[in-house]
Amino acid sequence: NAEEWSYENTDTGPKHWKEHYPDCGGLMQSPINIESDKVLYDQNLNYFDLSSYSITRGVNMTLVNKGHTAEVQYTGEDMILKGGNLPDDYKLVQFHFHWGEDDIMGSEHLLNDERFPMEMHLVHYQSKLFNFSNALSHPFGLAVLGFLFEISAENNTQLDSLLQHFSKIEEPDIKAEIEPFPPTRLLSGNKDRLDFYRYFGSLTTPPCYESVIWSLSTEFIPISVPQMTLFRTLHNEKNEHLVNGYRPVQALNHRLVTTTRR
Ligand code: B30
Ligand code: ZN
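Presented here is an overview of the structure given in this document. In this text the structure is predicted, and so the values were computed from the model without any measurement.

**Side note on the coordination of the zinc ion (ligand 2)**
Right, on to step 1. Bound to the zinc ion (ligand 2) on the protein side are H96 (NE2), H98 (NE2) and H121 (ND1), at distances that span 2.0 Å.
Right, on to step 2. With four donor atoms in place around the zinc ion (ligand 2) and angles of 98 to 117 degrees between them, the coordination shape is tetrahedral.
Right, on to step 3. Linear spacing of the donor residues for the zinc ion (ligand 2) on their chain is H-x1-H-x22-H. Residue H98 is located in strand β7 (residues 90-99), and its partner H121 is located in strand β9 (residues 118-126); the two are separated by 23 residues in the primary sequence.
Right, on to step 4. Classification of H121 as buried rests on a relative accessible area of 1%.

Here's what the structure looks like:
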């Protein structure tokens, strides 16, 4: 229940999540700070097959203000994440964003202690677990593919079909149908060779289940300062600007981060 937790520095904030959601105090939590000198290059870690992301026929995408994030819910023909040494195929259910009040913060994952203005999460569930809610608490039940954003001088026109609807979803729980677009449209590099970091972790919001195979792209997505500003025009349930919806980094503990990138 959305009122039990927040990102504020209060008794509902990240330090207190574990009181209502014990998994938030676990040893495999997300996000993390990825330190490049401790990451292991894994020559057996395969690239993803993102080809089914390009299907847009028979697909519906709905943009929703969830009060703590802007989320694109996805129904219709399956968009499937394959390869990447995942134990099964994983079906896309939604993607959403984490951002800050300023361009110097907002990402959940950090790279060598560096913060980025925004992070996008493509959330998938393991096909053989039948549905998302069943997969949510299952070990390896989810695969989240994350992308960090970096500020660019030019607008990223690939984001326009999303951003043009933000004025309609200013208040929580409002939805807008958007023109379906392949998430890979935001990538400029070779989609068959998307380099990423891999580790095992959790949902970054309560209930923080340790069910997520994390893949964080090493390719950044460009976004301009005015485009970032649009995300901050959304409101939360308290009618404040929806900003700083990111969890602080969690201890790596005994985990290893691997990568496809030499
Ligand atoms: S994340 O990618 O690790 N940030 C959920 C999915 C992905 C992440 C975090 C949470 C999730 O689905 N949580 C289940 C509860 N959600 C449902 C939802 O549709 O997303 C309700 C909620 O959080 O309060 Cu918004
Ligand atoms: Zn997320």
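Structure shown, so let's carry the discussion forward.
**A look at the coordination of the copper atom of ligand 1**
Four donors placed tetrahedrally about a metal ideally form angles of 109.5 degrees, and six donors placed octahedrally ideally form angles of 90 or 180 degrees.
Right, on to step 1. There is one protein donor for the copper atom of ligand 1, and it is H68 (NE2), at 2.7 Å.
Right, on to step 2. Position of H68 relative to the elements: it lies in the loop between β4 (59-65) and β5 (70-76).

**Points about the site of ligand 1**
Right, on to step 1. Taken together, the neighbourhood of ligand 1 is formed by 15 residues, with K66, H68, F132, T204 and T205 sitting nearest.
Right, on to step 2. H96 is positioned with one of its side-chain polar atoms (N or O) 3.2 Å from a nitrogen atom of ligand 1.
Right, on to step 3. Measuring from a nitrogen atom of ligand 1, one finds a side-chain N or O atom of H98 at 3.4 Å.
Right, on to step 4. Within the residue set of the shell around ligand 1, elements represented by two or more residues are β7 and β9.
Right, on to step 5. It is β7 that contributes the most residues to the shell around ligand 1, three residues altogether.
Right, on to step 6. The residue inventory of the shell around ligand 1, partitioned by class, reads six nonpolar, seven polar and two charged.

**Observations regarding the nonpolar core**
The nonpolar side chains of a soluble globular protein tend to be buried, and buried together.
Right, on to step 1. Core analysis: the biggest nonpolar cluster contains 44 residues, and M61, L81, F97, W99, M120 and L145 have the highest contact counts within it.
Right, on to step 2. The greatest single-element share of this core, amounting to five residues, is contributed by β7.
Right, on to step 3. In contact with L145, not counting residues within four places along its chain, are F48, L50, Y53, L81, M120, H121, L122, H124, L194 and S215.

**Re the packing of aromatic side chains**
Right, on to step 1. Counting across every chain of the model gives 13 aromatic pairs.
Right, on to step 2. For the pair W5 and Y7, a centre-to-centre distance of 5.4 Å together with 85 degrees between the ring planes defines the contact as edge-to-face.
Right, on to step 3. With 6.4 Å between their ring centres and 75 degrees between their planes, F95 and F97 make a pair best called edge-to-face.
Right, on to step 4. Assessed through its relative accessible area of 1%, F97 is described here as buried.
Right, on to step 5. Through a chain of ring-to-ring contacts, the aromatic side chains of F95, F97, W99, F149, F166, F181 and F231 assemble into a single cluster.

**What about the pattern of salt bridges?**
Right, on to step 1. Enumeration according to the criterion identifies five salt bridges in this entry.
Right, on to step 2. A salt bridge links K66 to E71, with the shortest nitrogen-to-oxygen separation between them at 3.9 Å.
Right, on to step 3. K66 sits in the partly exposed class, given a relative accessible area of 31%.
Right, on to step 4. Exposure remark for E71: the relative accessible area of 8% places this residue in the buried category.

Cut-off values and rules
Residues numbered from 1 in each chain as written. Chains lettered and ligands numbered in written order. Predicted model: local features only at pLDDT ≥ 70, side-chain atom pairs only at ≥ 80, totals over all residues. Heavy atoms only, no water. Donors = N, O, S within 2.8 Å, 3.2 Å for Na, K, Ca; no water. Tetrahedral: all angles 85-135°; square planar, octahedral: opposite > 155°, others 65-115°. Helix = DSSP H or I, 4+ residues; strand = E, 2+ residues; numbered from the N terminus. Buried < 20%, exposed > 50% of the residue type's maximum accessible area, 1.4 Å probe, protein only. Near = heavy atom within 4 Å. Polar contact = N/O pair within 3.5 Å; in protein donor to acceptor, adjacent residues only side chain to side chain. Nonpolar A, V, L, I, M, F, W, Y, C, P; charged D, E, K, R; others polar. Core = buried A, V, L, I, M, F, W, Y, C linked by side-chain atoms within 4.5 Å. Contact = heavy atoms within 4.5 Å. Phe/Tyr/Trp six-rings, centres within 6.5 Å; stacked < 30°, edge-to-face > 60°. Salt bridge = Lys/Arg side-chain N within 4 Å of Asp/Glu carboxyl O.

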